[in-house]
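What follows is the residue order along each chain.
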Amino acid sequence: MITEHSSKHLRPISPFGGAGGVLSLLIVLYLINGICSINALSVTADEGSHLAFGIKMLKGDPSRTNPEKDNSKMPVSVLNAIPRAMEQFFNKDLVKNDNGISDAIKGRYLTLFFSVSIILLVFQWSRKLYGTRAGLFSAFLFVFCPNNIANAVLVTTDTYSVFFLLATMYFLWRYCNTGSNKHFLWFVVMLGLSQLVKQSLFHLYVLAPLCMIIYAVVKKAHVNWVKLFRNLLIAASISWVVINAGFLFWHMNTKLGEFHFMSSLFQKVQHSLPDWLPVPLSESFVSGLDQAKYYDQLGGGLAGSSFANVTILDKSSTGGGFWYYYFVSLLFKTPIPYLVLAGWAKYIFFIKRKGKGFICNEFFLFAPIVYFLVLMSFMYKTQCGIRHIIFIYPLLFIFCGIVFKYAEGKTNRMILLGLGLWLLMSVGQYFNNYYPYSNEFIGHKKNAYKYVGASNLNFTQAEYLLDKYLQTHPGIKRAPEEPQPGKFVLVIDSYLDIWNTGRYQWLRRLKPVGHVEYSYLLFDVSEEDIKR
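Enquirer: How should I be thinking about the packing of helix α10 (residues 204-219) against helix α16 (residues 363-378) in this particular structure?
Expert: Pairs of packed helices are described in terms of their axes, by the angle between the two and the distance that separates them. In contact at an axis separation of 11 Å, α10 and α16 are set at 135° when each is read in the N-to-C sense. Taken as axis vectors, α10 and α16 run oblique relative to one another. As α10 runs across α16, the sense of the crossing is right-handed. Across the interface between the two elements, Val206, Leu207, Cys211, Ile214 and Tyr215 of α10 pack against Phe363, Phe364, Ala367, Pro368, Tyr371 and Phe372 of α16.

Enquirer: Can you help me understand the nonpolar core in this one?
Expert: Most often, soluble globular proteins keep nonpolar side chains buried together rather than apart. Judged by nonpolar contacts, the single largest core of 164 residues is most densely connected at Tyr30, Trp125, Leu141, Met169, Leu341, Phe364 and Val403. Ranked by the residues each element gives to this core, the list is headed by helix α8 (residues 158-178), at 14 residues. Not counting residues up to four positions away in its chain, the partners in contact with Met169 are Trp125, Leu204, Leu207, Cys211, Phe364 and Pro368.

Enquirer: Help me understand the side chain of Ser77 in this model?
Expert: Relative to the helices and strands, Ser77 is located in the loop between α3 (67-70) and α4 (78-90). By relative accessible area, which is 1% here, Ser77 ends up buried. Sequence-distant contacts of Ser77, defined by excluding residues within four places in its chain, comprise His50, Gly54 and Thr157.

Enquirer: How should I be thinking about the packing of aromatic side chains in this particular structure?
Expert: The description of two aromatic rings rests on the distance between their centres and on the angle between their planes. For the structure shown, the criterion picks out 47 aromatic pairs. Where Phe363 meets Phe364, the ring centres are 5.3 Å apart and the plane angle is 75°; that geometry is what we call edge-to-face. Grouping residues by exposure puts Phe363 and Phe364 together as buried. Note that Arg174 overlies the ring of Trp173, its terminal NZ or CZ placed 5.9 Å from the centroid.

Enquirer: Quick question: what am I supposed to make of the environment of Tyr294 here?
Expert: For Tyr294, the location among the structural elements is in helix α13 (residues 283-298). Expressed as a C-alpha distance, the spacing of Tyr294 and Ser263, which sit 31 residues apart in the sequence, is 4.2 Å. With near-sequence residues (within four places) excluded, Tyr294 lies in contact with Met262 and Ser263.

Enquirer: Is there a simple way to think about the pairing of strand β8 (residues 520-525) in this case?
Expert: Most of β8 sits inside the fold, with five of its six residues counted as buried. Across three bridges, the pairing between strand β7 (residues 514-516) and β8 is antiparallel. When the bridges of β8 are listed, His515 appears paired with Leu521. The antiparallel pairing of β7 with β8 creates a hairpin that spans three residues between the two strands, and Glu517 there sits at a positive phi of about 55°.

Enquirer: Any chance you could explain unusual backbone geometry here in plain terms?
Expert: Most peptide bonds take the trans configuration, and most residues that are not glycine carry a negative phi. The phi angle at Glu517 is positive, at roughly 55°, despite the residue not being glycine. The topology assignment puts Glu517 in the loop between β7 and β8. Residue Tyr518 is not a glycine yet carries a positive backbone phi of 65°. Owing to a relative accessible area of 15%, Tyr518 belongs among the buried residues under this scheme.

What counts as what
- Residues numbered from 1 in each chain as written.
- Predicted model: local features only at pLDDT ≥ 70, side-chain atom pairs only at ≥ 80, totals over all residues.
- Heavy atoms only, no water.
- Axes fitted to C-alpha atoms, helices over the stretch in contact; angles between N-to-C directions.
- Helix = DSSP H or I, 4+ residues; strand = E, 2+ residues; numbered from the N terminus.
- Parallel < 35°, antiparallel > 145°, perpendicular 65-115°, else oblique.
- Left-handed = near helix turned anticlockwise from the far one by under 90°.
- Contact = heavy atoms within 4.5 Å.
- Core = buried A, V, L, I, M, F, W, Y, C linked by side-chain atoms within 4.5 Å.
- Buried < 20%, exposed > 50% of the residue type's maximum accessible area, 1.4 Å probe, protein only.
- Phe/Tyr/Trp six-rings, centres within 6.5 Å; stacked < 30°, edge-to-face > 60°.
- Lys NZ or Arg CZ within 6 Å of the ring centre and 35° of its normal.
- Pairing = 2+ DSSP bridges.

Structural data, given as structure tokens:
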């Protein structure tokens, strides 16, 4: 059973009227919002290296020569390099001297337009579960999600990972319920493509079989061993082709002994197997997994680290992390209306519906949320902001579609309207700078760093906005390294000293009096403050 609706409720919608018109309007608003942000934000800390790797890929070179920068970069960044490639194609002598800024800004449009596919998939999945109006409601929730908008306008792989995790789980759900060869092929193709997007999605090779086993056990399904072996062979073959093609078949079948692994995990595997063993995958794919594991093993804020100290709840960790990092981030960076809707949806499903049909449907929404929250919280030290787990939001929004289906009566409709308006007002305050969003559980935003840390508030995305602020407030300057009276702004990263530089110690003793664009702290320093 996939849905309680008859086939007449599943017919394709017209893009010009009814549900299609509403969905189209949501997409248009989403794109306008994103385009405004694209041109307002400065280039972030990671965008340059993602774009550079995409350009290298276009030139036929997927090597990872700079592990600190290249370890997490993936072939999907080729998409963001297309605008520059097209410019170069039509102008062979083109040379730019802006450090890649214009290329990064143009490349952002590819991420934004690609992210529309997430809206369509959220709508489709929710529609099949709870009906067309519920699908529109789920799409609305995604369109105005600040954490998704913030990353959909950047040259990074986070937004791509949202789509490919969602698509992989969608087709897995469809296959488990229908047994259709078509859905199985779509599932394994998406599974393979996800390996070209983000290394954390390698865990889909654990999560997907686990979901299938649990589904089969609960449903007491008969195992056809011949079909199972055939499907395993097909899945492995497709993944092998997709991964190697994505990495341009670069250095395939390299002998295991010829790898120079950095992480202790990969070194242990290497020492336990014969050196002559050929590895049937691109060297770039394998070394990327190894390098990412190494830098996670090393931790943040150390010499040679690829990320800074982990900061959360007014605490800082060098070389370590906090098991509650993502739970706290979700609590304070998720709009409160989403939290209310999630609770409401759980009440409807487990109390009113008694969990009916869970293993056939909602299980495939909850499984990746639980799996990745546990994985990223207890087995990873790479805690660089909520962006690393934003792929759980669409799954939550799809589940929240059940509220729209069952919330009947004027009172419930008014509550939904109120939550929708609250969402728009809460998120709207961050127009053009959604990355540092925090909800109303944090009163004055000058204190947001105490709750969610530096990486959840600053990605170097607001430099242009700060420049405009300083132009209109000539009495406020960037903070000097030596003590002096006056009004100053200091980026949250430096105030929390996330790279252990020891700079701005004099200012770190003082409390901010305000904030600028949510990513910078404002100080009013007197002579008395300096003498203390």
